[in-house]
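Below are the chains, spelled out letter by letter.
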Amino acid sequence: MIIVMASRKREDIDYVVSRIEELGYNAHLIEGEQRTVIAAVGDERGKFRLQSLESLPHVEKVVPILQPFKLVGREAKLDDTVFNIGGVQIGGGRFCVIAGPCSVESREQILETAHAIKEAGATILRGGAYKPRTSPYSFQGLEDEGLDLLREAGDATGLPFVTEVITPDQVSSVAERADMLQIGARNMQNFGLLKAVGRTNKPVFLKRGMMSTINEFLMSAEYILSEGNKEVILCERGIRTFETETRNTLDLSAVPLLKRLTHLPVFVDPSHATGHWDLVIPMAKAAVVAGADGLMIEVHPRPSEAFSDGAQSLKPERFRQLMQEIAPLLAIVGKKL
Ligand code: PEP
Ligand code: MN
């Protein structure tokens, strides 16, 4: 249920929050530009009891949230969510490009890539330290050492970095060093992991599962918000279809659809979506025009030597070309880098 406040005074809000909690619900305060609402979420069966709050002074009305995703939907919060990652604004008319290698492979590789992507205009560094590989015999990442190297490359370039967490017990140690935590496609419905990142104070980059519907994607984001973490980026990275020429099929319609359903920022990863470096720039441009708030791009100084995902990785000069080619499109859609 949404409790729409008639007052924006702290004491009035606190009073209504305490009444919601007395009824056994969790209260999530959502302060929008136009109004303050409190989303009361919990056991669906007793929700009629919340209706009685309508009689309180300072409460304008109590309305049900019809969508299954309560906190991530536009019903609870009309305005786009805008937040900051190490000084980089996400959403709100800013376009953010995250770039870097699939995996951190060595100190030289991550430092060289970080400098190159920064020079080209990227504002967040990516790199996998813990890799969720299809085969247990494939490179599994440099793990803890990879995190230290990312921190070093981030500090050397002034770029915040995002890296993936694959198990709940890694979350606190990764959150100590990373600026944003990534939940990969394979873990989109790992509910224990979603709850664990939901309890941190680090933004979460949530990738769509390769066989997940939009509704399931939003319900996964709901797990994170329901634990108190409001800073989530949704990333469309392609879904599995009958097509085998591309690694996945980029579901571009997910972008405007998600923008309609949720206030959370929406990014596109054309690297994992296509699997081929020569398809990355065209699909990155399409993502800008479709209304994405940002991109995630795999870049490697020598893709032919990459430990993972070399075929879809851009060389630094191609990445520079991508940045140049999206610039006029950003001007058309009214966004700034
Ligand atoms: C990644 O970004 O490194 C990755 C493994 O992507 P995905 O989870 O989308 O496959
Ligand atoms: Mn990859």
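Cut-offs and rules
- Residues numbered from 1 in each chain as written.
- Chains lettered and ligands numbered in written order.
- Predicted model: local features only at pLDDT ≥ 70, side-chain atom pairs only at ≥ 80, totals over all residues.
- Heavy atoms only, no water.
- Helix = DSSP H or I, 4+ residues; strand = E, 2+ residues; numbered from the N terminus.
- Pairing = 2+ DSSP bridges.
- Axes fitted to C-alpha atoms, helices over the stretch in contact; angles between N-to-C directions.
- Contact = heavy atoms within 4.5 Å.
- Near = heavy atom within 4 Å.
- Polar contact = N/O pair within 3.5 Å; in protein donor to acceptor, adjacent residues only side chain to side chain.
- Areas by Shrake-Rupley, 256 points an atom, 1.4 Å probe, with all protein chains shown as cover.
- Nonpolar A, V, L, I, M, F, W, Y, C, P; charged D, E, K, R; others polar.

## So, unusual backbone geometry
Inference 1: One non-glycine residue, His58, lies in the positive phi region at around 75°.
Inference 2: Residue placement: His58 occurs in the loop between helix H2 (48-51) and strand E4 (59-63).
Inference 3: Unusually for a residue other than glycine, Glu143 sits at a positive phi of about 50°.

## Considering the sheet that holds strand E8 (residues 124-126)
By way of backbone hydrogen bonds, the strands of a sheet pair with one another, either parallel or antiparallel.
Inference 1: Read around the closed barrel, the 8 strands follow the order E7-E8-E9-E10-E11-E12-E13-E14; overall the barrel is parallel. Going from strand to strand, the sheet's axes swing by 25° on average, the running direction of each strand aside.
Inference 2: Bridge count between strand E11 (residues 204-207) and strand E12 (residues 232-236): 4 bridges; the pairing is parallel. Paired with Phe205 across the two strands is Ile233, which belongs to E12.
Inference 3: Those strands touched by helix H8 (residues 254-261) are E12 and strand E13 (266-268), and its axis lies near 170° from that of E13.

## So, the site of ligand 1
Inference 1: As a matter of local geometry, ligand 1 sits amid Arg126, Lys131, Glu164, Gln182, Gly184, Ala185, Arg186, Lys207, Arg237, His272 and Glu298.
Inference 2: Within the side chain of Arg186, a nitrogen or oxygen atom sits 2.8 Å from an oxygen atom of ligand 1.
Inference 3: Between ligand 1 and His272 there is a distance of 3.5 Å, counted from an oxygen atom to a side-chain nitrogen or oxygen.
Inference 4: Look at ligand 1: alone it shows 290 Å² of surface, and the protein chains cover 97% of it.
Inference 5: Of the residues assigned to the shell around ligand 1, the class counts are 1 nonpolar, 3 polar and 7 charged.

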